[in-house]
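What follows is each chain in one-letter form.
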Amino acid sequence: MFLLLAAAALSAQATSFYLTVAGLGGEPDYEQRFATWAGDFKKAVSSEPGAKIEVLSGKDATKANILAKLSSFAGQAKADDTLAVFFIGHGTFDDIDYKLNIPGQDISASELSDALNKIPARQLVVLGTSASGGAIEKLQKSQRTVITATKAGTEKNATDRKSTRLNSSH
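Residues numbered from 1 in each chain as written. Predicted model: local features only at pLDDT ≥ 70, side-chain atom pairs only at ≥ 80, totals over all residues. Heavy atoms only, no water.

Trainee: Honestly, the overall build of the protein in this entry has me stumped. Any pointers?
Mentor: On a plain count of helices and strands, the protein comes out with 5 helices and 9 strands. Along the protein, helices (α) and strands (β) appear in the sequence α-β-α-β-α-β-β-β-β-α-β-α-β-β when read from the amino end. Of the contacts formed within the protein by residues at least 6 apart in sequence, a portion of 64% connects residues at least 24 apart. As displayed, the protein has an accessible area near 8900 Å², and 55% of this comes from carbon and sulfur atoms. (Helix = DSSP H or I, 4+ residues; strand = E, 2+ residues; numbered from the N terminus. Contact = heavy atoms within 4.5 Å. Areas by Shrake-Rupley, 256 points an atom, 1.4 Å probe, with all protein chains shown as cover.)

Given below as structure tokens:
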């Protein structure tokens, strides 16, 4: 009986889902920097028991792959689970929508928001990219914390690990 209760308690524990996407660097120094940061994020969360960790970088960081990973998480996650998504790279903002620069067609904040809205877990979205402040309006939602590297979409400066700003909505 005790073993059944213990097994039930373990299966009821919340799961943490992690997705790290390293977008296009545009030049070798940035490509290396983004890949290193993606690896650092993975190492930081790898010790968490039961965590579901996915990393997309280089040619694998496509819109189709990002949406497929988020869709997979949507099929697995429960309301008491957590999701953390880290985007590393360059971004653009055209006064309408933010886009993460990735191989092939870029992914927009609107597309990200639509995919994230299907995941019932509490969410942390980190946009460590230039122009990421332009995504805030599209990504803000109850139970989602958004951290951007720039205040506004018009900031085109390169980002580093020390240049994030917390924009929270819960």
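Trainee: Would you mind going over unusual backbone geometry with me for this structure?
Mentor: What is expected of a backbone is that most residues other than glycine have negative phi and most peptide bonds are trans. The residue Asp95 is not glycine, and still its phi comes out positive at about 75°. Relative to the helices and strands, Asp95 is located in the loop between β4 (91-93) and β5 (98-100). Residues other than glycine seldom take positive phi values, yet Gln143 does so here, at roughly 70°. Here Gln143 shows up in the loop between α5 (136-139) and β8 (144-148).

Trainee: Can you walk me through the packing of aromatic side chains in this structure?
Mentor: Note on aromatic pairs: each is described by the distance of the centres and the angle between the planes. The full count for this structure, using the stated rule, is 4 aromatic pairs. An angle of 55° between the planes, with centres 5.0 Å apart, marks the rings of Phe17 and Phe73 as tilted. Residue Phe17 is found in strand β1 (residues 16-22), and its partner Phe73 is found in helix α3 (residues 63-76); the two are separated by 56 residues along the sequence. One exposure class covers both Phe17 and Phe73, and it is buried. Each ring, one from Phe34 and one from Trp37, has its centre 6.1 Å from the other, and the planes form 45°; the classification is tilted. Here the residue Phe34 and the residue Trp37 both occupy positions in helix α2 (residues 28-45), the gap between them amounting to 3 residues, near one helical turn. A relative accessible area of 11% places Trp37 in the buried class. (Phe/Tyr/Trp six-rings, centres within 6.5 Å; stacked < 30°, edge-to-face > 60°. Buried < 20%, exposed > 50% of the residue type's maximum accessible area, 1.4 Å probe, protein only.)

Trainee: Explain the sheet that holds strand β6 (residues 107-108) here, please?
Mentor: The strand order β4-β5-β6 describes an open sheet built from 3 strands, whose pairing is antiparallel. Two strands in the sheet have a free side with no partner beyond their single neighbour: β4 and β6. Pairing geometry for β4 and β5, over 3 bridges, is antiparallel. Looking at the pairing, Thr92 lines up with Lys99 of β5. (Pairing = 2+ DSSP bridges.)

Trainee: It is not clear to me how the side chain of Asp97 should be interpreted in this structure. Could you clarify?
Mentor: Mapping Asp97 onto the fold places it in the loop between β4 and β5. Although buried, Asp97 forms no salt bridge, and the nearest oppositely charged side chain, Lys138, lies 4.6 Å from it. There is a polar contact of 3.5 Å between the side chain of Asp97 and the backbone nitrogen of Ala109. A polar side-chain atom of Asp97 sits 2.7 Å from a polar atom in the side chain of Ser110. Setting aside residues up to four positions removed in sequence, Asp97 forms contacts with Thr92, Ser108, Ala109, Ser110 and Lys138. (Lys, Arg positive; Asp, Glu negative; His and termini not counted. Salt bridge = Lys/Arg side-chain N within 4 Å of Asp/Glu carboxyl O. Polar contact = N/O pair within 3.5 Å; in protein donor to acceptor, adjacent residues only side chain to side chain.)

Trainee: Explain the pattern of salt bridges here, please?
Mentor: A side chain of one charge can pair with a side chain of the opposite charge if their charged atoms are brought near each other. With the rule as written, the count across this model stands at 4 salt bridges. The shortest N-O distance in the salt bridge between Asp29 and Arg33 comes to 2.8 Å. Of this pair, Asp29 and Arg33 both sit in helix α2, 4 residues apart, which is roughly one turn of that helix. When its relative accessible area of 27% is taken as the criterion, Arg33 is described as partly exposed.

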